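Chain by chain, the residues run as shown.
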Amino acid sequence: MTAGSPGPVDDSDDKGGLRAALGGLTTRGRSFLAAGVAAAVCAFVLGQGDLLRVGLLLAVLPLVCVTVLYRTRYRVVGSRRLSPSRVPAGAEARVHLRMDNVSRLHTGLLMLQDRVPYVLGPRPRFVLDRVEPGGVREVSYRVRSDLRGRYPLGPLQLQLSDPFGMCELTRSFSAYDTLVVVPRTEPLPPLRLAGEASGYGDGRQRSLALAGEDDIIPRGYRHGDDLRRVHWRSTARHGELMVRREEQPQRAGCTVLLDTRRIAYQGGGPGSAFEWAVSGAASALVHMLERGFAVRLLTDEGSAAPGGDTDGFPGSVHESAESAGLIMDALAVVGHSDGGGLSRAHDVLRGGDEGLLVAFFGDLDEEQTAVAARMRQRSRGAVAFVLDSGDWTRDGRTAAPAAGSERLRLLREAGWTALPVPPGAELARLWQQAGQEGPGVRSSAAGTTTGFSGGRS
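Below you will find a few notes about this structure.

The rules behind each value
- Residues numbered from 1 in each chain as written.
- Predicted model: local features only at pLDDT ≥ 70, side-chain atom pairs only at ≥ 80, totals over all residues.
- Heavy atoms only, no water.
- Helix = DSSP H or I, 4+ residues; strand = E, 2+ residues; numbered from the N terminus.
- Buried < 20%, exposed > 50% of the residue type's maximum accessible area, 1.4 Å probe, protein only.
- Contact = heavy atoms within 4.5 Å.
- Areas by Shrake-Rupley, 256 points an atom, 1.4 Å probe, with all protein chains shown as cover.
- Pairing = 2+ DSSP bridges.
- Axes fitted to C-alpha atoms, helices over the stretch in contact; angles between N-to-C directions.
- 1 Å grid on protein atoms, 1.4 Å probe; cavity = no way out; pocket = protein on both sides within 12 Å on 5 of 7 lines; lining within 4 Å.
- Points joined across faces, edges and corners; volume = space filled by probe spheres on them.
- Nonpolar A, V, L, I, M, F, W, Y, C, P; charged D, E, K, R; others polar.

### Here we look at the overall build of the chain
Next up, step 1: Scanning the chain from N- to C-terminus turns up 11 helices and 20 strands.
Next up, step 2: Sorting the 457 residues of the chain into buried and exposed places 46% on the buried side.
Next up, step 3: Partitioning the intrachain contacts of the chain with sequence separation of at least 6 by distance along the chain shows that 71% fall at a separation of at least 24.
Next up, step 4: Just so you have it, the chain exposes about 23,300 Å², and 52% of that area is on carbon and sulfur atoms.

### Focus on the sheet that holds strand 20 (residues 417-421)
Next up, step 1: Strand order in the open sheet made by the 5 strands is 17-16-18-19-20, with parallel pairing throughout. Single-partner strands in this sheet number two, and they are strand 17 (294-299) and strand 20. Between one strand axis and the next, the sheet turns by 15° as a mean value, whatever way the strands run.
Next up, step 2: Sheet topology places strand 16 (residues 253-258) next to strand 18 (residues 356-361); 5 bridges connect them, and they run parallel. When the bridges of strand 18 are listed, Thr 255 appears paired with Leu 357.

### Describing the pairing of strand 9 (residues 156-161)
Next up, step 1: Bridge analysis of strand 5 (residues 110-114) against strand 9 gives 5 bridges, and the strand direction is antiparallel. Within strand 9, the position partnered with Gln 113 by the bridge is Gln 157.
Next up, step 2: Relative to strand 10 (residues 168-172), strand 9 runs antiparallel, the two sharing 5 bridges. Looking across to strand 10, one finds that Leu 158 is bridged to Arg 171.
Next up, step 3: Adjacent in sequence and paired antiparallel, strand 9 and strand 10 are bridged by 6 residues, among which Gly 165 carries a positive phi angle near 70°.

### Observations regarding the layout of surface pockets
Next up, step 1: Reported here for the second largest pocket is a volume of approximately 280 Å³.
Next up, step 2: Lining the second largest pocket are 17 residues, and of these Arg 184, Pro 270, Glu 275, Trp 276 and Ser 279 sit closest to its centre.
Next up, step 3: A per-element tally of the lining of the second largest pocket places helix 5 (residues 273-290) first, with 5 residues.
Next up, step 4: When grouped by side-chain class, the residues that make up the lining of the second largest pocket number 7 nonpolar, 5 polar and 5 charged.

Printed below as a string of structure tokens:
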């Protein structure tokens, strides 16, 4: 039997020869073989010819079944299709399996089995009747995981047995597929930024497109410039060809900071504080992308998710969907870091104007609260969701209420809109509260506002 995935192949897994085929003897086949050998030995010792014939029959039958299965040359093509290949935690995906018999022989009874990780559910098994030459069989099964991650599916295995059940041979396909389970996302209310007539993200800052943001005056003509952009007044003034600057829309930026420090969280599992923070970061990223922001995911280690340019932000609107997928893939496998502080993230944020900053913090001591407070200096607007993991574990190690209030006060004095996250909180409600409490932070550029608005300062 030859197996292939997704197309037919000429090689099979029969390279082990008859020795490997003999390894496929079932308990019944081994019993027959042992009984036959024992009967033959007894017949030789006792001189019983009839018993010898019975022993030979018992011993030969499983060997004949092995030979027939070994010599049977089926060419079966298998393929797998995931629908969809990326699902949120707790959602189901369907796996479609297709088997094509591309040989000129009818297959025997086939058992189809796919290997899946234990967390996705039991291993699916299907029994397929004889498949005619050129015939197709399709089956499907569902997988589901409450834990985010990347899970390999495969290899697909076919098991062929003889009519007497003496031998079973297993052949494996070579192809694997990967199911990506991303964090759950929650729809968030579209809070309007101050100074914008519609939902935030619709407004655009203006930047200089021709020679970069530093090109604030008409520049000299360069080879390849369009002559229709020659600025004649500046040309007459400077005595050389000068071209006009042009403006293009630039997307507002948003950085989502995820605190992944191991020491900042207690407990584990789908209902833990860390998983809430990961899900909250995913919800904020998707929400801001849907409203036209260029987004960046940043961790406490100072690393950004793939999908952006050198500054970590996507380069154009057309890249939003692809960037969202890459960021969600990164969040699917993000884990705890061994770092003890937020200094690396602070170093990245102080490199320039970061626009809007949305942070999800775990437990903060006095030193890390001070570091987080300084992050606000380079952002036009900043919102912090602070989780006390002791409250989430309910194991008696909860920090004193005074300490939690003090760290929130320090963040608010630094300009953060800081909100505590109680166990099982809904991010949509906290997001709405942040929009009501957060001040609109107006930049020096006229008409440009990037903070939350609609509430008191």
